[in-house]
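Letter by letter, the chains look like this.
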Amino acid sequence: MAEACSAAKEPRVHQLQSGEEYQEDIFREWRRSIVRRFYRTRNLLKNGTWPASIWNLGFMVLCLSVCMLGDWDLVRPINARLLILPAYLYIPQGCPLILKSIIVSAVVGFVFFLVLLYARRFMLRGLLAYRGWMYEQPKTQSYSTILWGVMVKVVSGYSPSLYSCQRSLPRMPVPTVQETLSRLLKSLRPLYDEDSKEWKSICKNAEEFEKSLAHKLQRVLMLKSWWSQNYVTDWWEKYVYLMGRSPLPINSNYYIMDQSYFMPTTFQTARTANAAYQYLKFKQLIDREKLEPLLIRRTIPVCMAQYERVFSTTRIPGEDNDTLYHVDTALSKHLVVYRKGHMYKIDVYDNQGKILEAKNIEKLLQWIIEDADSELDSISDSEKSIPALTGIERPTWAKVRADQFSTGVNKDSLDIVESAIFCITLHHENRDDFSSRAKFLMCGDGKSIWFDKSLNLITFPNGRMGLNCEHSYADAPVLAHLAEYNMTEESLHLCGFDEKGHFIDSDTQQSFVKPQKLVWEMTNDLATSIKSAQLTVTQNINDIDLIVKEFNLYGKGFMKSCKISPDAYIQMALQLTYYRNAGKFALTYESSMTRLYLLGRTDTVRSVTSESTEFVRAYFDKDKSAQEKITLLKRACEIHQTQYRDAMNGKAIDRHLFALYVVSKGMGYECDFLKHALTIPWTLSTSQQPQQQIATSPDCNNIEFQDVLCPGGGFGPVSDDGYGVSYMIPGDRKLFFHVSSKTSTKGTNSSLFMDQLFDTFKEMKELLESQK
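From a predicted model like this one, the values you see are computed outputs, not experimental measurements.

Visitor: Before we move on, can you summarise the state of the cysteines with the specific residues and values?
Guide: One pass over the structure, following the stated rule, counts zero disulfides. The closest cysteine sulfur to the non-disulfide-bonded Cys203 is located on Cys671, 16 Å from its own sulfur. With a relative accessible area of 27%, Cys203 lands in the partly exposed category. Free of any disulfide, Cys443 has its nearest cysteine sulfur in Cys469, 14 Å distant.

Visitor: Which residues make up the sheet that holds strand 9 (residues 455-459), and what are the values?
Guide: Strand pairing in a sheet relies on backbone hydrogen bonds. The paired strands run either parallel or antiparallel. Spatially, 11-7-6-8-9-10-1-16 is the arrangement adopted by the eight strands of the open sheet, whose pairing is mixed. The open sheet has two edge strands with one neighbour each: strand 11 (516-517) and strand 16 (713-714). Pairing analysis gives two bridges linking strand 7 (residues 342-347) to strand 11, with the strands arranged antiparallel. The partner of Tyr344 across the bridge, within strand 11, is Lys517. Against the sheet, helix 13 (residues 358-374) makes contact with strand 6 (334-339), strand 7, strand 8 (423-426) and strand 11, and its axis sits at roughly 155° relative to strand 7, the strand it touches most. Those strands touched by helix 18 (residues 476-493) are strand 1 (254-257), strand 9 and strand 10 (465-469), and its axis lies near 20° from that of strand 1.

Visitor: Run through the pattern of salt bridges, naming residues and quoting values.
Guide: In the structure shown here, the tally under the stated rule is 32 salt bridges. Close ionic contact of Glu470 with Arg315 constitutes a salt bridge, the shortest N to O distance being 3.0 Å. Placement of the pair is Glu470 in the loop between strand 10 and helix 18 and Arg315 in strand 4 (residues 313-316), with a sequence separation of 155 residues. Take Glu470 and Arg315: they sit in the same class, and that class is buried. By sharing partners, the salt bridges in this structure join Arg245, Arg315, Asp322, Arg394, Asp452 and Glu470 into a single network.

Visitor: Can you break down the packing of helix 12 (residues 268-287) against helix 13 residue by residue, with the values?
Guide: Closest axis-to-axis distance for the helix 12/helix 13 pair is 8 Å, and the angle between their directions is 130°. When the axes of helix 12 and helix 13 are compared, the pair comes out oblique. In this structure, the crossing between helix 12 and helix 13 has a hand that is right-handed. On helix 13, the residues touching Gln268, Thr269, Ala270, Thr272, Ala273, Asn274, Tyr277 and Leu280 of helix 12 are Ala358, Ile361, Glu362, Leu365, Gln366 and Ile369. Across the contact of helix 12 with helix 13, the residue classes tally to eight nonpolar, five polar and one charged.

Visitor: Go over the side chain of Ser612 with me, naming the residues and quoting the values.
Guide: Here Ser612 is to be found in helix 22 (residues 610-619). By relative accessible area, which is 1% here, Ser612 ends up buried. Among all residues touching Ser612, those that are not within four sequence positions of it are Met572, Ser607 and Ala636.

Visitor: Could you give an account of the packing of aromatic side chains, naming the residues involved and the relevant values?
Guide: Within the structure shown, the criterion is met by 33 aromatic pairs. Pairing Phe434 with Phe736 gives two aromatic rings, centres 6.2 Å apart and planes at 75°, and the pair type is edge-to-face. Of this pair, Phe434 sits in helix 17 (residues 434-443) while Phe736 sits in strand 18 (residues 735-742), and the two are 302 residues apart along the sequence. Of the residues examined, Phe434 reaches a relative accessible area of 12% and is grouped as buried. Considering the side-chain rings of Tyr727 and Phe737, the 6.0 Å spacing of their centres and the 40° angle between planes classify their relative orientation as tilted. In this pair, Tyr727 sits in strand 17 (residues 723-728) while Phe737 sits in strand 18, placing the two residues 10 residues apart along the sequence. Comparing Tyr727 with Phe737 shows no difference in burial state: the two are buried. Through pairs of rings, three or more aromatic residues link up here, namely Phe551, Tyr554, Phe558, Tyr569, Tyr727, Phe737, Phe758 and Phe761. The ring of Tyr349 is capped by Lys333, whose NZ or CZ atom sits 4.4 Å from the centre of that ring. The cationic tip of Lys765 hangs over the ring face of Phe558; the distance from NZ or CZ to the ring centre is 5.2 Å.

What counts, and where the lines are drawn
The residue numbers shown here count from 1 along each chain, following its written sequence. Owing to the predicted nature of the model, reporting of local features is limited to residues with pLDDT of at least 70; listing and counting of side-chain atom pairs is limited to 80 or more, with chain, interface and lining totals taken over all residues. Calculation of side-chain values draws on the structure's entire complement of heavy atoms; hydrogens and water are dropped beforehand. What counts as a disulfide here is a pair of cysteine sulfur atoms lying within 2.5 Å. Whether a residue is buried, partly exposed or exposed follows from its accessible area with a 1.4 Å probe, protein chains only, as a fraction of its type maximum: under 20%, in between, or over 50%, in that order. For two strands to be treated as a pair, DSSP must find no fewer than two bridges joining them. Counting from the N terminus, the helices are DSSP H or I runs at least four residues long and the strands are E runs at least two residues long. In what follows, a contact means two residues having at least one pair of non-hydrogen atoms within 4.5 Å. Axis angles are defined between N-to-C directions and span 0 to 180 degrees, where every axis is a line fitted to C-alpha atoms and, for a helix, only to the segment in contact. Here, a salt bridge means any side-chain nitrogen of Lys or Arg that lies within 4 Å of a carboxyl oxygen of Asp or Glu. An angle below 35 degrees is treated as roughly parallel, one above 145 as roughly antiparallel, one from 65 to 115 as roughly perpendicular, and anything else as oblique. Note on convention: near helix rotated counterclockwise from far helix by under a right angle means a left-handed crossing. Clockwise means right-handed. Nonpolar residues are Ala, Val, Leu, Ile, Met, Phe, Trp, Tyr, Cys and Pro. Charged residues are Asp, Glu, Lys and Arg, and all others, Gly as well, are polar. Ring pairs shown here join Phe, Tyr and Trp side chains whose ring centres sit within 6.5 Å, with only the six-membered ring taken for Trp; geometry is labelled stacked below 30 degrees between planes, edge-to-face above 60, and tilted in between. The rule is short: NZ of Lys or CZ of Arg within 6 Å of the ring centre and within 35 degrees of the ring normal puts a charge over the ring.

Structure follows, in structure tokens:
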């Protein structure tokens, strides 16, 4: 049993310290708590007074005090009015003039400061509600937009901290029912014959819904938008993510890869230690709110609320719905490392509360590899595969967790995993090509990734690495920001590696403790559950067909030279490819962020339009001239680009329909129209991966950094008979694509789709060049 095994090993609790050492530990913890409170108080004051600052208050009080004490002719009328205030402030008559002046100046200055603060805040919120800039190119902006940008800069002040802009962001508007229904029918129109019974039924049901139930639901939704920070985000997180009952790998979690070819070192422990160290520095910037908030065009802030739960967060399974468990910074000071079935806890802060240097983390990881490799037969196969439980259906995992992990040593070990900052998997086999590495990052080998954790760092013996990310708490751009932060440090500064690829020894001395191996009690029921879970996860892994490739013929440089939006260009290429692949059109999902609004996350761009289908049909029509095809292509791209901007501007339809459906269920209505509209399968699910979010990142168009470019990441197919396509546009010269599908579906083939997609890109280039 686990208790007997643990008793036979070195005790997990260190020997008792002397009284002097014990007092030093208490003092150090007290000092750390003071430092944490200082940062929290400072950030609270800074965020609460932004876009003004405490210095504005001090300057205002100082000026008033000088004016009152100076008693110059110019300021005497002002002083005469200010000196009336002491009577209202109950200041005694015999109070010295200096003290009286300071008190009056402080009170009046504070009132003026509050007026200035709220005036600037409401002015900034009104300015940020303007969206005209979004529909104009940066190089051809109107004078009114330029003036607006200057006003935003002036009102915003300077040096906002991570969450400073939150109180000035506008709230996401609720579209009108008429707009949403009109856009819904317009998006579905290309998928149905005009005379078909199904299309006529959809139109009839939409009309009946608008006349009957729609406005009642809309009023409730409008009421919620007045008192909540975002009318849809809390429901989206709860009902779409946390109430999803499917396994997390493939269906929910996504992955992010490292650089395409560049590696700062080929040693697994060194690369892992550096990445862990950079992530901990990123966490420190978040905790102290020193991370610079992202600005579009260096002017317009986006919501940064999702960064709060990047680290020390775990999705806890439930029978009906999951919950997010986030641990306070003071209580989460360790990582959990998986190696060949063994799991270890490593403390990554020294006794002074400082992050362990990367060199010391490397030593801990090397110790773990040697220890795990030397004890391959010390535990059973079931105990080696415990993480497989996080990859099965959520109700099943919730029941096993409640039965087997609620008491004793299993609960202690599970608490360590779930309270960790993040998890690391030190895999023992290389995945050399893009596709095999991406597939492992997505779903592992069925037993080595704790999918419930907000963040899993996965590394390979040759130094390659990547991330597996839980999706409910944050979207891909947030984790891409974290990955880009690390890759920028690696590529520009090489992070202190010596010529052999290990860290250079430093003179700094840090104390750290040996990793603690986690112990589990393995009952027969638990072993049976783990074996079943591993079988389920393995079957799901084998059913995934994932291909990752780079396209080198051209990049966004050529697309822009044709005066076409790169994203719209790629979406039209995907429409051509799917039509060539399946012989029909399919409902297509493209993700778009709504972080210009407070607590915004994503909405949907419906890429299939009447204009896109007209272009696709014309493209395959031999009787159409090249010029006609190009005209239709540009028209379809313009419509798509407008739709994308509308989605960012809160004018998309899918989140509105979803919120209306939640209200209808809450009010006890069964609305077949909304249910049908929301359950039409997304056969083609697409997403553009963010890049260059950090201003100091290497220039994507610099030939020197071509090997440093990241291929991005990907996800599983949303529909069993469809494709999941993500793409990265890293510069003017190349593109990266991730295509996933199910092998159990006869009509899909990721390799064939990828080949057809690349053929489409070549043909589109030839088409456009033929008319230059």
